[in-house]
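For reference, the chains in residue letters:
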Amino acid sequence: MIQICEVNKYYGKTKVLNDINMHIKEGEIFGIIGHSGAGKSTLLRCINRLETYEDGSITVQGREVKNLDERELRFLRKDLGMIFQHFSLLERKTVFENVALPLECFKYSKNEINKRVDELLSLVGIQGKKNMKPRNLSGGQKQRVAIARALALNPKVLLCDEATSALDPNTTKSILGLLQDINKKLNITIIMVTHQMEVIKQICSRVAIMENGEVLEIGDTEELFLQNSKNLQKLVGEDDIVLPKGTNIRIIFPKEISNDSIITSMARDLDINFSIICGKLEKYREDILGSLIINVDNDNRENIKDYLNYKKVRWEEIINE
Ligand SMILES: Nc1ncnc2c1ncn2[C@@H]1O[C@H](COP(=O)(O)OP(=O)(O)OP(=O)(O)O)[C@@H](O)[C@H]1O
Ligand SMILES: [Mg+2]
């Protein structure tokens, strides 16, 4: 759907995108996460050519974005809806008028506009707010208006730049739910730029981690969690808690076996003691994934590793630094 190959971008002498490679597949919800200044927004703006890039290639449905003329660019932007952290609504216009704006630009008739805006407001769940001004809406409702406006021209992709960063946790959840619905119902590919791990965990099937203009890692969200990617840990700001003596082993529970009693059966079968240092279960979209860190005497270490291998359980030894 969107192919990004070896893209570099400079602001003056500063390189803000450094050799970016990414492939976003049709119908997926793809996350781009990273700290402030990582280059996430710049990359997103290169995709719809609000920004240019010096070299490399970005294609949307096979068309090189850099080479489009004015008319082609208009149609590219029609295919790429966009929403922002601060909604970017026109304060003087009503909800209806805000959503109607792109339709007017594309010369839809009055009747078509009335029908389409009603459809969109009902899709995003704010039919009753049609004649209100943005200032009288809550943050979540404003973002729903912005989503309706972004969907007006039936885009194939929705680009979301920190779409939930200005919202409280419950409103964030409901907006993410709406985006998930839109992705499923309308088969719209979604790119979520965010610095919130919660957003990635709740709705993104794949994620790219960016820092200082570079992509550090790309992969399935769950897989990165199960591998306990160091980059992901750095983003969440969590370090492993481990004991300074003995051997610390992380046992990883993918969704199929998170309910199994591997810990108790290991204690029984091997007849050894170990301490549980910490553990966590986390929800990734529909699945619960978990990991547990145990500490064992060095004498038992090989036994435990053999046992976990025999049971086909994923594990890793955490080396004290
Ligand atoms: N118009 C501009 N002129 C010069 N430098 C810019 C411009 N826009 C962005 N930058 C720089 O490019 C880098 C990447 O910025 P960008 O806005 O893409 O980061 P981001 O990952 O979206 O950050 P945030 O999470 O804060 O939104 C930053 O160092 C920023 O200062
Ligand atoms: Mg940004």
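Residues numbered from 1 in each chain as written. Chains lettered and ligands numbered in written order. Predicted model: local features only at pLDDT ≥ 70, side-chain atom pairs only at ≥ 80, totals over all residues. Heavy atoms only, no water.

- An unreviewed UniProt entry annotates the protein as Methionine import ATP-binding protein MetN originating from Terrisporobacter mayombei.

**Some thoughts on the layout of surface pockets**
So, point 1. Roughly 580 Å³ of internal volume is contained in the largest pocket.
So, point 2. Lining the largest pocket are 22 residues, and of these Arg-77, Leu-80, Gly-81, Met-82 and Pro-102 lie nearest its centre.
So, point 3. Elements represented by at least two residues in the lining of the largest pocket include exactly α2 (70-79), β6 (80-84), α3 (95-105) and α5 (139-151).
So, point 4. Looking at the lining of the largest pocket, the element that brings in the most residues is α2, giving 5 residues.
So, point 5. Residue classes in the lining of the largest pocket are distributed as 14 nonpolar, 3 polar and 5 charged. (1 Å grid on protein atoms, 1.4 Å probe; cavity = no way out; pocket = protein on both sides within 12 Å on 5 of 7 lines; lining within 4 Å. Points joined across faces, edges and corners; volume = space filled by probe spheres on them. Helix = DSSP H or I, 4+ residues; strand = E, 2+ residues; numbered from the N terminus. Nonpolar A, V, L, I, M, F, W, Y, C, P; charged D, E, K, R; others polar.)

**A closer look at unusual backbone geometry**
So, point 1. The backbone of Arg-49 sits at a positive phi, close to 60 degrees, despite the residue not being glycine.
So, point 2. Mapped onto the fold, Arg-49 is located in the loop between α1 (40-47) and β4 (55-60).
So, point 3. Of note in the backbone geometry, Ser-88 takes a positive phi value of approximately 50 degrees without being a glycine.
So, point 4. Examined against the element boundaries, Ser-88 turns out to sit in the loop between β6 and α3.

**With respect to the nonpolar core**
So, point 1. Counting residues in hydrophobic clusters, the biggest one holds 53 residues, and the most contacted among them are Ile-147, Leu-179 and Met-192.
So, point 2. Among the elements that take part in this core, α5 stands out by supplying 6 residues, more than any other.
So, point 3. If we skip the residues at most four places from it in the chain, Met-192 touches Ile-29, Phe-30, Gly-31, Ile-32, Cys-160, Leu-176, Leu-179, Val-199, Ile-203 and Cys-204.
So, point 4. Counting residues in each nonpolar core, the second largest holds 30 residues, with Ile-32, Val-60, Leu-80 and Met-82 among its members. (Core = buried A, V, L, I, M, F, W, Y, C linked by side-chain atoms within 4.5 Å. Buried < 20%, exposed > 50% of the residue type's maximum accessible area, 1.4 Å probe, protein only. Contact = heavy atoms within 4.5 Å.)

**A word on the sheet that holds strand β11 (residues 247-253)**
So, point 1. Pairing is antiparallel across the open sheet formed by 4 strands, whose spatial order is β12-β13-β11-β14. Strand pairing shows two members of the sheet lacking a second neighbour, β12 (275-284) and β14 (314-318), which therefore form its edges. Adjacent strand axes in the sheet meet at a mean angle of 20 degrees, parallel and antiparallel pairs treated alike.
So, point 2. Here β11 pairs with strand β13 (residues 287-296) via 7 bridges, running antiparallel. Residue pairing across strands places Asn-248 opposite Asn-295, the latter belonging to β13. (Pairing = 2+ DSSP bridges. Axes fitted to C-alpha atoms, helices over the stretch in contact; angles between N-to-C directions.)

**Topic: the site of ligand 1**
So, point 1. Contacts to ligand 1 come from Tyr-11, Val-16, His-35, Ser-36, Gly-37, Ala-38, Gly-39, Lys-40, Ser-41, Thr-42 and Glu-162.
So, point 2. Between an oxygen atom of ligand 1 and a side-chain N or O atom of Lys-40, the distance comes to 2.8 Å.
So, point 3. At 3 residues, α1 tops the list of elements feeding residues into the shell around ligand 1.
So, point 4. Counted by class, the shell around ligand 1 contains 3 nonpolar, 6 polar and 2 charged residues. (Near = heavy atom within 4 Å. Polar contact = N/O pair within 3.5 Å; in protein donor to acceptor, adjacent residues only side chain to side chain.)

**Considerations on the pattern of salt bridges**
So, point 1. Applying the stated rule across the entire model yields 14 salt bridges.
So, point 2. The partner of Arg-63 in a salt bridge is Asp-79, with the nearest N and O atoms 3.4 Å apart. With Arg-63 in strand β5 (residues 63-64) and Asp-79 in helix α2, the pair connects residues that are 16 residues apart, well separated along the chain.
So, point 3. Using a relative accessible area of 31% as the deciding quantity, one classes Arg-63 as partly exposed.
So, point 4. A network of salt bridges, in which partner residues are shared, links Arg-301, Glu-302, Lys-305 and Glu-317. (Salt bridge = Lys/Arg side-chain N within 4 Å of Asp/Glu carboxyl O.)

**Some words on the side chain of Arg-49**
So, point 1. No salt bridge forms around the buried Arg-49; measuring N to O, its nearest opposite-charge neighbour Glu-70 is 4.7 Å away.
So, point 2. Only 3.2 Å separates the side chain of Arg-49 from the backbone oxygen of Lys-66, close enough to count as a polar contact.
So, point 3. If sequence neighbours within four positions are ignored, Arg-49 has contacts with Val-65, Lys-66, Asn-67, Leu-68, Leu-73 and Arg-77. (Lys, Arg positive; Asp, Glu negative; His and termini not counted.)

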